[in-house]
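Chain by chain, the residues:
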Amino acid sequence: EMEAKYTRKLQALRDEMDLRRKTEIHELEERKNTQISELLGNHEGAFGAIKNYYNDITAKNLTLINLLKEQVEDLKKKETVLEKEKADVLLQNKALAEPLKEAQELVAELQKKLVHYYRDKEALMNSKAHLKITQKELKDLQWEHEVLEQRFSKVQEERDELYKKFTRAITEVQQRTGFKNLLLERKLQGLLSLLEQKEVELSEVLEASNLDPGTLSLVSHKLEDVLNSKNATIQDLQLQLARVCKAHNDMLQTFEAKLTAFGIPLDNLGFQPLSFPFPEQ
């Protein structure tokens, strides 16, 4: 009974569901048909608008084509006229080519001359400026030349006077120095001779006196003191002689340097200045 009951419920549910499915399918088909109808209407309207748009474009293009054809005809006519004018211009150009070439060559030549003109003009201006500077330098040099001539004359006079003074001075110094050196040398020779004589006399006295060693040692010490004193005197005289010789030689070198500075050869003195060697000590 339960199986039969549920079988009946299942059959009723299945029938209800089939009915509902058929109803929903019918509603869906109606909606789709309505949408299809709307789409067909929209498409027909859009197609009509597009058709009208392209019909207008075609009409405009036909009008533009006709207009362009007319323009092309006009351009062809103008081209024909321009070709004729071109031929005439070519003939004129051909006829003017030779005069143009001559004119261009003339222009090039004139440009070269113009460049040379500007260059020569600039060179002339520079030469004038340089000439002014040179003239001024010439005047300055002439003035300096006159001043130098005057100074040269004055220097020549001073040189001659200085030459005379130096000649006199060198002669006097040579005389004084030679005389003083001679005196010092004679004095030195005399002292050396006297020393040798005293040594000989002392030796003789010592040999003759037969002194004892103590007394002999004392006498020897005193003699050494005397000899040292004499040697000191001799060295002092040698130093004085060396200083005099050096002063003479320095003065002689200064004199020769002055003569060289004034351009006076040493051969013009008429004598050879004496230079003294330094004495050995």
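Predicted model only: the values in this text are computed from it and were never measured.

A.B. asks: Explain the overall build of the protein chain here, please?
C.D. replies: Assigned secondary structure in the protein chain consists of two helices and zero strands. Here the protein chain, with 281 residues, has 9% of them falling under the buried criterion. When the accessible surface of the protein chain is summed, it comes to about 24,100 Å², and 58% of that surface belongs to carbon and sulfur atoms.

A.B. asks: What am I meant to see in a negative patch on the surface here?
C.D. replies: A cluster of acidic side chains, namely Glu24, Glu27, Glu29 and Glu30, defines a negative patch on the protein surface. When you line up the elements, Glu30 lands in helix α1 (residues 2-209).

A.B. asks: Can you walk me through the packing of aromatic side chains in this structure?
C.D. replies: For any pair of aromatic rings, geometry is given as the distance between the ring centres together with the angle between the planes. A complete count under the given rule lists two aromatic pairs for this structure. Taking the centre distance of 5.4 Å and the plane angle of 75° together, the rings of Tyr53 and Tyr54 count as edge-to-face. Ring geometry for Tyr117 versus Tyr118: centroids 5.7 Å apart, planes at 55°, classification tilted.

A.B. asks: Help me out: how do you make sense of the pattern of salt bridges in this one?
C.D. replies: Proximity of charged atoms lets side chains of opposite charge pair with each other. Taken as a whole, this structure holds three salt bridges when the rule is applied. A salt bridge links Glu16 to Arg20, with the shortest nitrogen-to-oxygen separation between them at 3.6 Å. A residue pair is termed a helical-turn pair when its members lie 3 or 4 positions apart in one helix, as Glu16 and Arg20 do in helix α1 at four residues. Classification of Arg20 by relative accessible area gives partly exposed; the value is 43%. The residue Asp140 makes a salt bridge to Lys136 at a minimum N-O spacing of 3.3 Å. Of this pair, Asp140 and Lys136 both sit in helix α1, four residues apart, roughly one helical turn. Take Asp140: its relative accessible area is 34%, and that puts it in the partly exposed class.

A.B. asks: I tried to follow a nonpolar patch on the surface on my own but got confused; where do I start?
C.D. replies: A surface patch of nonpolar side chains, amounting to about 350 Å² of accessible area, comprises Ile50, Tyr53 and Tyr54. In this fold, Ile50 is placed in helix α1. Classification of Ile50 as partly exposed rests on a relative accessible area of 45%.

Parameters and conventions
Residues numbered from 1 in each chain as written. Predicted model: local features only at pLDDT ≥ 70, side-chain atom pairs only at ≥ 80, totals over all residues. Heavy atoms only, no water. Helix = DSSP H or I, 4+ residues; strand = E, 2+ residues; numbered from the N terminus. Buried < 20%, exposed > 50% of the residue type's maximum accessible area, 1.4 Å probe, protein only. Areas by Shrake-Rupley, 256 points an atom, 1.4 Å probe, with all protein chains shown as cover. Patch = residues over 30% accessible without salt bridge, like charges linked within 9 Å, V, L, I, M, F, W, Y side chains within 5 Å. Salt bridge = Lys/Arg side-chain N within 4 Å of Asp/Glu carboxyl O. Lys, Arg positive; Asp, Glu negative; His and termini not counted. Charge placed at Lys NZ, Arg CZ, Asp CG, Glu CD. Phe/Tyr/Trp six-rings, centres within 6.5 Å; stacked < 30°, edge-to-face > 60°.

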